[in-house]
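Coordinate analysis (summary)
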Amino acid sequence: MRHLMSPLDFTTEELDKLFDLANDIEANPQKYAHACDGKILATCFYEPSTRTRLSFESAMTRLGGRVIGFSDAGSSSAAKGESVSDTIRVISCYADICAMRHPKEGAPMVASEKSGIPVINAGDGGHQHPTQTLTDLLTIRSLKGHLDNFTIGLCGDLKFGRTVHSLINALVRYDNIRFIFISPEELRVPDYIIDMLKEKHISYEEVIRLEDVMPQLDFLYMTRVQKERFFNEEDYIRLKDFYILNADKMALAKEDMLVLHPLPRVNEISVEVDNDPRAAYFKQAQYGVYVRMALILTLLDLA
Amino acid sequence: MLNVGKIEEGFVLDHIKAGKSLDIYEHLQLDKLDCTVAIIKNARSNKMGKKDILKVECDINMLDLDVLAFIDHSITVNVIKNGEIVEKKDLVLPNQIKNVIKCHNPRCITSIEQELPHIFYLADPEKEIYRCKYCEEKYTESAKKD
């Protein structure tokens, strides 16, 4: 039985298979409409995340399966003090596969150790969010046709943003990727990631101004400055508007550059960018459903 | 000069940093063993000035000494059989350490799930970096002292 805890749990060859399957689902949705008939997905969300939860629910529903679950810790047995280990043992009796989000880092791994069914980490604190990374990779691969030889700019909260950390870790496995990190001093990429890039001799640059690097980028990955990652409101208000992508900045970019964003966006991408053909973030949300469908099929051995 | 007699079978852990022998005693869980243990504190040492020594009289297969490498790999481990040193053990960093140090990341699941063991894995043998199995937080010297 396999679980998904980190995007690195799959080899690049396994990811290729997963993405091929996701692309086939995209092209032939009818073929998969009953692939999970009679199967149940449990969405165990100990903290609110409408988007990820609905994406999982949509994925399972589109496969013909059904969904049970809870969407915040208050409405689950965790409020009564039940451990994650006990909860997953019980959920294993009710469902065939589980997607778990938890504010504590490593909680889905604890669940996977006690579980009788595959567990998907749907986000654990600031640690991992592998299905977002799979979504990002599938989007890049589907829209460009490959996962190597490009320059990607990552912009915004690079210190606390787990999606950014996971994406970097996943991309370093492909050839000739160059990173440009665009952030304020306070929100720079953590040292351990910089150390890893140096060790692997991967080219990177850290800059403060988005405008300076726009012409170099093949992809721009925008992120939100998340309020909940800050301990005081003042810092949040001071930093949140630093990096706003608008039509003026887009005018500096290559014609085939693509803008990605894990969503939800607050104001870091101006709505005027939405109509630009290079804005790929809503398409990315669509790929999120396809990749979760492919993942559910793969972990249930139905692929 | 204090004299502690020879042991027939067991271990002599030499060159322990002065004052650290009780930490080692605890990590090796010697309190749980029904055997003779001599703790020598602040012994004179040409190399170190002062050092601690632990002598443990027991079956040589009884102790898991891997954890010593993690605590302090300058410790010399002498294996004794029939009153003689039969081996000087090289300490190798263990791939995994269980319940020796605690994860201090307040966001880690180990901070709330009480029965969970605190497991760290060797993430980088060259730099001797251990990370929490669950949250991957790097352990620091300050965590080691606790």
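Procedures and definitions
Residues numbered from 1 in each chain as written. Chains lettered and ligands numbered in written order. Predicted model: local features only at pLDDT ≥ 70, side-chain atom pairs only at ≥ 80, totals over all residues. Heavy atoms only, no water. Axes fitted to C-alpha atoms, helices over the stretch in contact; angles between N-to-C directions. Helix = DSSP H or I, 4+ residues; strand = E, 2+ residues; numbered from the N terminus. Parallel < 35°, antiparallel > 145°, perpendicular 65-115°, else oblique. Left-handed = near helix turned anticlockwise from the far one by under 90°. Contact = heavy atoms within 4.5 Å. 1 Å grid on protein atoms, 1.4 Å probe; cavity = no way out; pocket = protein on both sides within 12 Å on 5 of 7 lines; lining within 4 Å. Points joined across faces, edges and corners; volume = space filled by probe spheres on them. Nonpolar A, V, L, I, M, F, W, Y, C, P; charged D, E, K, R; others polar. Domains from an automatic or database assignment. Salt bridge = Lys/Arg side-chain N within 4 Å of Asp/Glu carboxyl O. Polar contact = N/O pair within 3.5 Å; in protein donor to acceptor, adjacent residues only side chain to side chain.

All names here are of chain A. Axis separation between helix H5 (residues 130-144) and helix H6 (residues 162-171) bottoms out at 9 Å; the angle between their running directions is 55°. Judged by the angle between their axes, H5 and H6 are oblique. By crossing handedness, the relation of H5 to H6 is classed as right-handed. Counted together, Gln132, Thr133, Asp136 and Leu137 of H5 and Thr163, Ser166, Leu167, Ala170 and Leu171 of H6 form the full contact between these two elements.

Here the largest pocket is characterised by a volume of approximately 1700 Å³. Around the largest pocket, the lining is made up of 50 residues, and of these A:Tyr192, B:Arg131, B:Cys135, B:Glu136 and B:Glu137 lie nearest the centre. Of all elements in the fold, only strand E4 (119-124), H6 and helix H7 (191-199) of chain A together with strand E7 (119-124) and strand E8 (129-132) of chain B reach the threshold of two or more residues within the lining of the largest pocket. Among the residues forming the lining of the largest pocket, the class breakdown is 20 nonpolar, 12 polar and 18 charged.

In this section: the domain arrangement of chain A. All names here are of chain A. By the assigned domains, chain A splits into domain 1 (7-128 + 287-299) and domain 2 (131-284). Facing 30 residues of domain 1, the contacting portion of domain 2 comprises 24 residues. Between domain 1 and domain 2 we count 3 salt bridges in total. Lys283 serves as the salt-bridge partner of Glu26, at 3.7 Å between the closest nitrogen and oxygen. Between the two partners, domain 1 and domain 2, sit 10 residue pairs in polar contact (both at pLDDT 80 or more). Those elements that place two or more of their residues in the side of domain 1 that touches domain 2 are helix H1 (12-27), helix H2 (50-62), E4 and helix H11 (281-299). Top element by residues in the side of domain 1 that touches domain 2 is H1. It accounts for 9 residues. Grouping the amino acids of the side of domain 1 that touches domain 2 by side-chain chemistry returns 13 nonpolar, 10 polar and 7 charged.

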